[in-house]
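Observations on chain architecture
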Amino acid sequence: MTMVRQTRQRSAVIEVLQTSRDHPDAAQVHTQVREKLPSVSLGTVYRTLDALVRDGVVMTIERTGQATRYDYKWADKHHHHAVCRACGAIFDVPAEALPHPPTAALPAGFQVTDSHLEFLGICARCAEKNSA
């Protein structure tokens with residue numbers, strides 16, 4: 001993990017991600033950061049997000065054909081995601097709500113440093129729309 005120097009832009013991006021519950025993409029982060037730092041560029045936000053991902057502070061959520069979304073990695077709140085295939089909404093799933101993955105199925109000597117599960121399906125709102 002490389003430590004990147006703490007800048008106003010970095011602090012603002014982290015604050016947006018820490019307070020967001022909808023896993024924003026870079027353009028959405030940029031819009032929110034500009035409320036505090038009007039002169040910040042979209043390029044700066046992208047570079048900052050890339051550095052935060054490299055540092056392990058932020059994770060990406062990638063869907064084919066959609067913009068990459070970002071999620072702050074809380075040290076004390078490990079979680080997974082449920083992704084609606086219809087509307088693209090992403091919901092947090094607390095890790096403690098799930099059984100631990102079976103490490104016996106992993107290759108011999110494999111050392112787990114992090115884990116992330118993704119559940120794909122249809123959210124309640126989209127299911128209700130489709131049944132109406």
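What comes next is a walk through the structure.

Rules of the game
Residues numbered from 1 in each chain as written. Predicted model: local features only at pLDDT ≥ 70, side-chain atom pairs only at ≥ 80, totals over all residues. Heavy atoms only, no water. Phe/Tyr/Trp six-rings, centres within 6.5 Å; stacked < 30°, edge-to-face > 60°. Patch = residues over 30% accessible without salt bridge, like charges linked within 9 Å, V, L, I, M, F, W, Y side chains within 5 Å. Areas by Shrake-Rupley, 256 points an atom, 1.4 Å probe, with all protein chains shown as cover. Salt bridge = Lys/Arg side-chain N within 4 Å of Asp/Glu carboxyl O. Buried < 20%, exposed > 50% of the residue type's maximum accessible area, 1.4 Å probe, protein only. Core = buried A, V, L, I, M, F, W, Y, C linked by side-chain atoms within 4.5 Å. Helix = DSSP H or I, 4+ residues; strand = E, 2+ residues; numbered from the N terminus. Contact = heavy atoms within 4.5 Å.

1. Points about the packing of aromatic side chains
Scanning the model with the defined rule gives one aromatic pair in all. The interplanar angle of 70° and the centroid separation of 4.7 Å between the aromatic rings of Y72 and W74 together place this pair among those described as edge-to-face.

2. Concerning a nonpolar patch on the surface
A cluster of nonpolar residues, L106, F110 and V112, forms a patch on the protein surface that exposes about 270 Å² of accessible area. Overall, V112 belongs to the partly exposed group, its relative accessible area being 48%.

3. Observations concerning the nonpolar core
Counting 17 residues, the largest nonpolar core has V13, L17, V29, V33, L49 and V58 as its most contacted members. Secondary-structure elements contributing two or more residues to this core are α1 (8–19), α2 (26–34), α3 (42–55) and β2 (69–72). Tallying contributions element by element places α1 first for this core, with five residues. Not counting chain neighbours up to four residues away, the residues in contact with V13 comprise V29, V33, T48, L49 and L52.

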